[in-house]
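# Fold and geometry: a report
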Amino acid sequence: MAGYSAKDITVLEGLDPVRKRPGMYIGGVGSPGLHHLVWEVVDNSVDEAMNGHASQITVTLHKDGQSVTVSDDGRGVPVDIHPKHKKPALEIIFCTLHAGGKFEHDNYKTAGGLHGVGASVVNALSARLVATVRRDGFEHKMEFRAGTPVGKLEKVGKARGSGTTVFFRPDPEIFPKTDFSAELIRERLEIASYLHKGLTVTFVDETHGSKDTFHHPDGIAEFLGRIVGERGARAVHEQPFTLFRDNGLRLELAFQWTESTDETLKSYVNGIPTGSGGTHELGFRSGMVKAVRNYIETHSLTPRGVTLSAEDIREGLTGVLSVFIADPQFQGQTKDRLNNPEVQAAVDGAVRPSLEQWLNQNRSTAEQIVGRIILAARAREASRAASQAVTRKTATGGRTMLPGKLSDCSASDRRGTELFIVEGDSAGGSAKQGRDRNTQAVLPLRGKVMNTEGMTLAKVLENKEITDLVTALGCGVGQNFDIARLRYERIVLLADADSDGHHITTLLLTFFYRHLTEVIRQGRLFVAVPPLYRVDIGKETFWAVDDADKERIVKDKVRGNARAEITRFKGLGEMMPKVLWDTTLNPKTRRLLKIDIADVLATDRVVSDLMGKDPQARFHFIMDRADQADALDV
Ligand code: 0RA
């Protein structure tokens, strides 16, 4: 062993430790660990591309769903024999842990020095791995099983160009489940194409027979545009703020204020999505808030009568933050919160001066932003005043501050209580008379409910119907929202069973979704299903909620030469209170649809397409529908 130094020994460490304790290297052997193998191999190719040596990466999920090939047109993993170890460089890279250092030429620098162990870890945990390299006019190939070479590196023929292809199939002896998720891989590759602008990634999904190519020359700024578009939130200013830094810390940032009420920040560390509250996010928030405050103060824009809180400044902000750092430390239950303290100061220090400068150089944009922030502060004050009014009245036992048209229930315990939000005064009248006064309250809304999509909370709260609703709910809204103060156990939307009614329900759902999301998330929002038809057959009466329901009843219940008499309700208002109770209000016989946040999220795009002011989006929606109709005709 003469001539070997301690350093060489670590370089030559075998792969046993990886198979013995896979969790140490990939975090676990569940689905995230399994997919981690893909990210490791892809990252090596991404590095090759980001250093300017490759322009194309193709990832193939094979038909079995349990093996993947990653291919790039980079320089190719070196195949020459290492003078000291007398082995091909490729073999050392794939078969030894921590091999990175020895091969770290000046011309091979990873994006922030992130990996180096990746290739060998994936190899160790793969039942089979085949590395193919095109380089110097030839194709070279080497095959491994569980990290051990089967045969030598071979020259398999002549080849043009250069590049690396890695096929691998994770080892079922290590992973209890070895099925990859095409969705996860596609999502990750698409995000990578935004986070590394200029990169072209193709995903071939043989399990579904599809192929997608992702390429986004404008990177993160394009990503931001997509997020803002998807959320249907209107932007307060046209040009987003963007920042790119690469001195020590590589940081990329794009953000924009929108008229939505919440803050959305997507953050990434080394291309990995991160949870909120990490040090990179904290640094961004503090730097951003300080820059805006400074701008407001230097230009004497501070409003009278309200103090601006950090939450006011952050309201409606939508952004993407990506950092690449050498040694990320993660904490939290899902290990997705960045913990490196130095990153906070670094991000804060990068954001604050550059944002302040940008605001000063874009005065009209800055004014729009400051206007948005002041509005947020005023809305917060207004909704605080409204909810304080309710609190005061409950404290004194009286209910004088509740909206006049609310017919409240008499129960003192909230359990089992329900608020029916009813369209129109006459329907409200039937509901008032037909309800169980002890547990059911009725709030009639007059006329058309306003379309709140894309509106700031301040604008929304100028509407009397909406403030009445918020007051009746008692839980406040926006920054003053507190679900603990919601005055009823269930909130039920009750509208006519026709298209106008559906429209009103959609408008109310939009309002709840955008401004009272937690009510939905906690499963407290419902839609009532009033009947559309009354079907009398002989002495019996049935209720049908739609045409199909009516047909079914007629088919099933008409016997002999009995006749079905069908009455179509024009609206809830013409229904007798007793009938409304039997069909729609009585908890024992009625049907309620619970609004699920997953449903709402799935329909988010649809809701915003329908409700948003953007005619382009509406057009797309109609086009999408037209396509479906065509498909049905075929
Ligand atoms: C070490 C040195 C060189 C390239 C690579 C590794 C390399 C690794 C991977 C993994 C996937 N694709 C890759 N492409 C390249 C530089 C070799 C030289 O100096 O030509």
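Here is a short report on the structure shown in this document. (Residues numbered from 1 in each chain as written. Predicted model: local features only at pLDDT ≥ 70, side-chain atom pairs only at ≥ 80, totals over all residues. Heavy atoms only, no water.)

## Re the overall build of the protein chain
A count of helical and extended segments in the protein chain gives 22 helices and 24 strands. The buried share among the 634 residues of the protein chain stands at 50%. Counting only contacts in the protein chain whose residues sit at least 6 apart along the sequence, the fraction spanning at least 24 positions is 68%. In the form shown here, the protein chain has an accessible surface area of approximately 30,400 Å², with 51% of it arising from carbon and sulfur atoms. (Helix = DSSP H or I, 4+ residues; strand = E, 2+ residues; numbered from the N terminus. Buried < 20%, exposed > 50% of the residue type's maximum accessible area, 1.4 Å probe, protein only. Contact = heavy atoms within 4.5 Å. Areas by Shrake-Rupley, 256 points an atom, 1.4 Å probe, with all protein chains shown as cover.)

## Re the sheet that holds strand β23 (residues 564-568)
The sheet built from 3 strands is open, its strands ordered β22-β21-β23 with antiparallel pairing. A single partner strand is all that each edge strand has here, and the edge strands are β22 (540-544) and β23. The mean inter-strand angle of the sheet, taken between neighbouring strand axes irrespective of direction, is 20 degrees. Note that strand β21 (residues 533-537) and β22 share 5 bridges and pair antiparallel. (Pairing = 2+ DSSP bridges. Axes fitted to C-alpha atoms, helices over the stretch in contact; angles between N-to-C directions.)

## Let's talk about the pairing of strand β18 (residues 440-445)
Across the 6 residues that make up β18, a large majority, 6, are buried. In β18, alternate side chains face the same way, and those of Gln-440, Val-442 and Pro-444 on one face and Ala-441, Leu-443 and Leu-445 on the other are all buried. You can see the chain leave strand β17 (residues 418-423), run along helix α13 (residues 425-434) and come back into β18, and the turn it takes is right-handed. (Right-handed = clockwise from strand over helix to strand, strands pointing away.)

## Brief notes about helix α9 (residues 279-298)
Spacing of three or four residues puts side chains on the same side of an α-helix, whose turn is 3.6 residues. Helix length check: α9, at 20 residues, gives a terminal C-alpha distance of 28 Å against a target of 28 Å (1.5 Å per residue), a fit within 8%. With its phi angle positive at about 50 degrees, Ser-300 sits one or two positions after the end of α9. (Expected span 1.5 Å × (residues − 1).)

## Let's talk about the pattern of salt bridges
Tallying each qualifying case throughout the model produces 38 salt bridges. Residue Arg-19 is joined to Asp-171 by a salt bridge in which the shortest nitrogen-to-oxygen separation is 3.0 Å. One end of the pair, Arg-19, is in helix α2 (residues 16-20); the other, Asp-171, is in the loop between β7 (163-170) and α7 (182-195), with 152 residues separating them in the sequence. Of the residues examined, Arg-19 reaches a relative accessible area of 24% and is grouped as partly exposed. Through salt bridges with shared partners, a single ionic network connects Glu-183, Arg-186, Asp-205 and Asp-212. (Salt bridge = Lys/Arg side-chain N within 4 Å of Asp/Glu carboxyl O.)

## A word on the packing of α13 against helix α19 (residues 577-585)
Between α13 and α19, the least distance of the axes is 8 Å, while the angle of their chain directions is 80 degrees. As far as their axial angle goes, α19 and α13 are roughly perpendicular. Facing Ser-430, Ala-431, Gln-433 and Gly-434 of α13, the residues of α19 in contact are Pro-577, Leu-580, Trp-581 and Leu-585. Across the contact of α13 with α19, the residue classes tally to 5 nonpolar, 3 polar and no charged. (Parallel < 35°, antiparallel > 145°, perpendicular 65-115°, else oblique. Nonpolar A, V, L, I, M, F, W, Y, C, P; charged D, E, K, R; others polar.)

## So, the environment of Ser-410
Within the element layout of this structure, Ser-410 appears in the loop between α12 (363-395) and β17. Separated by 26 residues in sequence, Ser-410 and Asp-436 have C-alpha atoms that sit 9.6 Å apart.

## Some remarks on the nonpolar core
Counting residues in hydrophobic clusters, the biggest one holds 45 residues, and the most contacted among them are Val-59, Leu-90 and Phe-168. At 8 residues, the largest contribution of residues to this core is made by helix α4 (residues 31-50). Val-59 has contacts with Val-42, Val-68, Thr-69, Val-70, Ile-185, Leu-189, Thr-202, Phe-203 and Val-204, leaving out every residue within four places of it along the chain. (Core = buried A, V, L, I, M, F, W, Y, C linked by side-chain atoms within 4.5 Å.)

## Observations regarding the packing of aromatic side chains
By the definition in use, this model includes 10 aromatic pairs. Here Phe-223 and Tyr-268 contribute two aromatic rings whose centre-to-centre distance is 6.3 Å and whose plane-to-plane angle is 40 degrees, an arrangement assigned as tilted. Here Phe-223, found in helix α8 (residues 219-231), pairs with Tyr-268, found in strand β12 (residues 264-269); they are 45 residues apart in sequence, far enough to count as distant. Looking at Phe-223, the relative accessible area reads 2%, which means it is buried. Ring geometry for Trp-543 and Phe-569: centres 6.0 Å apart, planes at 25 degrees, overall stacked. With Trp-543 in strand β22 and Phe-569 in the loop between β23 and α19, this pair connects stretches of sequence that are 26 residues apart. Put simply, the rings of Phe-241, Phe-255, Trp-257, Phe-284 and Trp-358 pair up and form one aromatic cluster. (Phe/Tyr/Trp six-rings, centres within 6.5 Å; stacked < 30°, edge-to-face > 60°.)

## Topic: the pairing of strand β19 (residues 490-494)
Looking along a regular strand, one sees side chains alternate from face to face of the sheet. Burial analysis of β19 places 4 of its 5 residues in the buried class, the great majority of the element. Sheet analysis places β17 next to β19, joined by 5 bridges and oriented parallel. Residue pairing for β19: Ile-421 is matched across the bridge by Leu-493. Pairing of β19 with strand β20 (residues 525-528), which is carried by 3 bridges, proceeds in the parallel orientation. Bridge pairing in β20 places Ile-491 opposite Leu-525.

## Some thoughts on the sheet that holds β17
Reading across the sheet, the 5 strands line up as β18-β17-β19-β20-β24 and stay open at both edges, with mixed pairing between neighbours. Among the strands making up the open sheet, the edge pair consists of β18 and β24 (592-594). Strand-to-strand, the axes of this sheet are offset by a mean angle of 25 degrees, without reference to chain direction. Pairing analysis gives 3 bridges linking β20 to β24, with the strands arranged antiparallel. If you follow Phe-526 over to β24, its bridge partner there is Lys-594.

Everything listed is a geometric property; what it means functionally is a separate question.
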